[in-house]
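# Structural characterization, general
Here is what each chain is made of, one letter per residue.
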Amino acid sequence: MSRENYEKIIGLEVHSELSTKTKIFCSCPTEFGAAPNTHTCPICMGMPGTLPVLNEKVVEYAVKAGLATNCEIARDSKNDRKNYFYPDLPKAYQISQYDKPLCEHGYVEIETEEGKKKIRLTRIHIEEDAGKLNHDEFGGGSLVDLNRAGVPLIEIVSEPDLRSSEEVEKYLKKLKSILEYIEVSDCKMQEGSFRADVNVSVRKKGETKLGTRTEMKNMNSFRSITRAIEYEVDRQIDILEDGGTIEQETLRWDDVSGKTFSMRDKEDAQDYRYFPDPDLVAINLSEEYIENIKNNLPELPESRKQRYLEEYKLSEKDANIITSSKYLSDLFEEASKICNNPKAVNNWIISDISRILNETEMEPIEIPFDSKQLGKLVVLIDNGTISSSIGKKVLTELFENPRDPEEIIKEKGWIQISDEGAIKEIVLKILETNPQSIADYKGGKDKALGFLVGQAMKETKGKANPQMLNKMFLEELNK
Amino acid sequence: MLLNLIAGHDEKDTTSVDRPKIDYTKALKNDVKGLKIGVPKEFFGEGINQEVKEALEKSIEVYKNLGAKIEEFSLDVANYALATYYIIACAEASSNLGRFDGIRYTYRTPEFKNLKELYKKSRSEGFGDEVKRRIILGTYVLSSGYYDAYYKKAQQVRTLVMNEFNKGFENYDIILTPTSPTVAFDIGSKSNNPLEMYLADICTVSVNIAGLPGISIPCGVDKEGMPIGMQLIGNKFCEEIILNAAYTFEQAVKFRENHKPEFKK
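Turning our eyes to something else, we now look at a nonpolar patch on the surface. Residues and elements named next belong to chain B. Among the surface-exposed residues, Tyr140, Tyr146 and Tyr150 lie close enough to one another that they form a single nonpolar patch of about 270 Å² accessible area. Inspection of the secondary structure puts Tyr146 in the loop between helix H5 (129-142) and helix H6 (148-171). In this structure Tyr146 comes out as partly exposed when scored by relative accessible area, which is 37%.

On to the packing of helix H5 (residues 301-311) of chain A against helix H7 (residues 326-339) of chain A, then. If you want to describe how two helices pack, look at the angle between their axes and the distance between the axes. Residue and element names in this part refer to chain A. Relative orientation of the contacting elements H5 and H7 amounts to 35 degrees, with a least axis distance of 12 Å. Handedness of the H5/H7 crossing: left-handed. Contacts between H5 and H7 involve Arg304, Arg307 and Tyr308 from the former and Ser329, Asp330, Phe332 and Glu333 from the latter. Split into classes, the residues belonging to the contact of H5 with H7 amount to two nonpolar, one polar and four charged.

Scanning all chains against the criterion turns up 18 aromatic pairs over all chains. Arranged with centres 6.4 Å apart and planes meeting at 20 degrees, the rings of Phe165 of chain B and Phe169 of chain B form a pair that is stacked. Note that Phe165 of chain B and Phe169 of chain B are positioned in helix H6 at a spacing of four residues, about one turn of the helix. The buried category is assigned to Phe165 of chain B, whose relative accessible area is 1%. Through a chain of ring-to-ring contacts, three or more aromatic side chains come together here, namely Tyr84, Tyr98, Tyr272 and Tyr274 of chain A. The lysine or arginine in question, Lys82 of chain A, covers the ring of Tyr272 of chain A, its NZ or CZ lying 4.4 Å from the ring centre. Sitting over the ring of Phe222 of chain A, Lys173 of chain A keeps its end group 5.1 Å from the ring centre.

Residues and elements named next belong to chain A. The buried fraction of strand E10 (residues 152-158) is high, at seven of seven residues. Burial along E10 is two-sided: the face carrying Pro152, Ile154, Ile156 and Ser158 and the face carrying Leu153, Glu155 and Val157 are both buried. With five bridges connecting them, strand E1 (residues 6-17) and E10 associate as antiparallel partners. The residue of E10 that forms the bridge with His15 is Glu155. Two strands pair when backbone bridges link them, and strand E7 (residues 115-128) and E10 are joined in this way by seven bridges, in the antiparallel orientation. By the bridge assignment, His125 is partnered in E10 with Glu155.

As a further point, take the interface of chain A and chain B. Reports often express the size of an interface as the amount of accessible area lost when the parts come together. Every contact between the two is made by 27 residues of chain A and, on the other side, 25 residues of chain B. Around 2200 Å² of area is buried between chain A and chain B when both sides are counted, 58% of it from carbon and sulfur atoms. The largest per-residue losses of area from chain A upon contact with chain B belong to Phe85, Arg273 and Phe275 of chain A, which jointly make up 26% of the total buried on that side. At the boundary of chain A and chain B, one finds zero salt bridges. The interface formed by chain A and chain B includes ten residue pairs in polar contact (both at pLDDT 80 or more). Partitioned by chemical class, the residues of the side of chain A that touches chain B number 19 nonpolar, three polar and five charged.

Let us look at the environment of Asp161 of chain A. All names here are of chain A. With respect to the secondary-structure elements, Asp161 resides in the loop between E10 and helix H2 (165-181). For Asp161, a relative accessible area of 10% gives the class buried. Counting along the chain gives 136 residues from Asp161 to Phe25, while the straight-line C-alpha distance between them is 34 Å. In this view, Asp161 contacts Ile10, Lys117, Lys118, Ile119, Arg120 and Glu167; residues no more than four positions away in its chain are not counted. Separated by 2.8 Å, the side chains of Asp161 and Arg120 make a polar contact.

This paragraph deals with the pattern of salt bridges. Enumeration over the complete set of coordinates arrives at 54 salt bridges over all chains. Glu299 of chain A is the partner of Arg307 of chain A in a salt bridge, and the nearest nitrogen-oxygen pair spans 3.0 Å. In this structure, Glu61 of chain B engages Lys64 of chain B in a salt bridge whose closest nitrogen and oxygen atoms are separated by 3.6 Å. Here Lys64 of chain B and Glu61 of chain B lie together in helix H2 (residues 50-65), a separation of three residues that amounts to about one turn. Here the salt bridges share partners, and the residues they tie into one network are Glu183, Glu299, Arg304, Arg307, Glu311, Lys326, Asp330 and Glu333 of chain A.

Before going further, it helps to examine the nonpolar core. Judged by nonpolar contacts, the single largest core of 60 residues is most densely connected at Leu12, Ile154, Ile156, Tyr171, Leu172, Leu179 and Val198 of chain A. The dominant element in this core, judged by the number of residues it contributes, is helix H1 (residues 56-68) of chain A, at eight residues. Those residues in contact with Leu179 of chain A, other than ones at most four positions away along the chain, are Ser16, Ala65, Ile154, Ile156, Val184, Ser185, Cys187 and Phe194 of chain A. Among the nonpolar cores identified, the runner-up in size contains 58 residues, and Val52, Cys90, Leu142 and Ala245 of chain B belong to it.

The rules we used
- Residues numbered from 1 in each chain as written.
- Chains lettered and ligands numbered in written order.
- Predicted model: local features only at pLDDT ≥ 70, side-chain atom pairs only at ≥ 80, totals over all residues.
- Heavy atoms only, no water.
- Patch = residues over 30% accessible without salt bridge, like charges linked within 9 Å, V, L, I, M, F, W, Y side chains within 5 Å.
- Areas by Shrake-Rupley, 256 points an atom, 1.4 Å probe, with all protein chains shown as cover.
- Salt bridge = Lys/Arg side-chain N within 4 Å of Asp/Glu carboxyl O.
- Helix = DSSP H or I, 4+ residues; strand = E, 2+ residues; numbered from the N terminus.
- Buried < 20%, exposed > 50% of the residue type's maximum accessible area, 1.4 Å probe, protein only.
- Axes fitted to C-alpha atoms, helices over the stretch in contact; angles between N-to-C directions.
- Left-handed = near helix turned anticlockwise from the far one by under 90°.
- Contact = heavy atoms within 4.5 Å.
- Nonpolar A, V, L, I, M, F, W, Y, C, P; charged D, E, K, R; others polar.
- Phe/Tyr/Trp six-rings, centres within 6.5 Å; stacked < 30°, edge-to-face > 60°.
- Lys NZ or Arg CZ within 6 Å of the ring centre and 35° of its normal.
- Pairing = 2+ DSSP bridges.
- Buried area = accessible area lost by both parts, 1.4 Å probe.
- Polar contact = N/O pair within 3.5 Å; in protein donor to acceptor, adjacent residues only side chain to side chain.
- Core = buried A, V, L, I, M, F, W, Y, C linked by side-chain atoms within 4.5 Å.

Now the structure itself:
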């Protein structure tokens, strides 16, 4: 039986760090990248005798996330303890939520080839992150850094509604953009503030029962998630085709070898002994509280997209790309206001900026320049100060060392040659050295004109005004 | 005086209640006239030592003579409260003591081959028998498949115990019971029978389970001179009433002046 006869079933548990200023149960800062154990206090270090106090912002952010993903918000919720031993968990229990999560029964819509598809969300709950282990960094042994311990997380659990790695990527991107838009998480995947546990199973097409699933923990790049799913699906189908059975187990994806490895099987499945945390009180939310958050939700990507289609007449594809990230979207809107040329800004973002982001594996939030600088770049092209090919060079500069584009072109001597005399001089020089092209043009080969303009651009290192070149070559050739 | 200091809302403890503070020293009026005291008959039945019973009966007389109104009533909670208490307390302890795993806090075993062994040995060597007993019991009642039958049930029973007490406080200002069914036993004499040892708590744990204030004061001695305790239980946030009742009793019987403590060799 071939692979096409199998259906892939995928469900995700996404962990996203909330961008509150302080931790979930104490007032330590949540900032990433500080020296180990400097953002800690007796509470997040789990010292005996300390008590947690719930950060109200965490509840607010989680409710925002719930409302933005069409969830029902629980009026009556609570915190539970999840007990297990691990060195990065100083209390030996994680404060999480078990049977009364803050948000339930939501969905996120993705665009597939067959049209819109709803991915159902089982729940969203709040919990604290664990610390980080640094292995063998200081000669042998492992050291614990508790800066991350107590950083607030939401866990977003989807139903097994996803059917391919493409759908998974679309779903994750959508979810990420929603969280960015409502400003509850910065979703930096490299820093681990947006990561997913991926549950995969396969079944023969037409079957209604779910197959045995395996879980891959803590994946934090789209590329690894896609590769891991493809690998795992193949592995499972191979086992089934050979008459074997799938073991329910937790796997670790290894990016280097491109394989999954077993971390623990069902046998040593942990019993977390969940129970309500007696140190904390129930979370009761009033109708007004929820209503108030609902009314103050910022514009979501779907609505921005709609606006771009109507207001700016962007293509559906372009609008999708730009609204996929709040940072790109903000960049687009602000730069457009400055230069009054949304079409041009759109083109820059869709082509060159996206390409550079891809090549450098950068996320939009990491773009070093701001909307003013991009807007200015478009203005300089529009008013003829530089050509668009110089514009590309300026953009590269903006990525490397962001500053005022005007300064860049002055410094680099990139100002466009728009002086008629100077242009004419170049045109005549190029014509003189390319008699063959003249003959070709006269013989009906229009392409020769492009070649001549190209030569002139090369001669001037891209600084000549291309429209003027075009015009003047035509004049000379048609004489 | 200590109560005066620790009373009130603590913003670092979300389980504490925000209420106006009271000066408890002002509550000591040395007067219990008209105070309604309920005596639950279940607390004086089987298992209660005869000498304890007699000392309590004398104390009840003292209150009668001071002008309090005494009435016997039924409050059948003690057995349930005891079981509930040991389930909930052990469950919480098993989780609370998890942090003493040899990684960051407390004793770490000197030799281990891997993480699992570090945990196992540190905790096995570091904890005493009674603590281990409670951790095991607490872990068991929280385990999946047993949670509903034990921990959840215990929380439900806890609500029932509270309701029973609430009914009692509709009629009485104070509920009077022995502190312990027997006088103090020798250290270690019941270590081999923990269940019997837990039974000694049967009168006092109801208060913890129901979330009520209670005070224990000496009210007599047995023939070997061992002190016998009386427990006064008040309604929620009615510490003043039990403090005043205890103070008035002490002023009347001058227990401390008549009984100098003696320690067994």
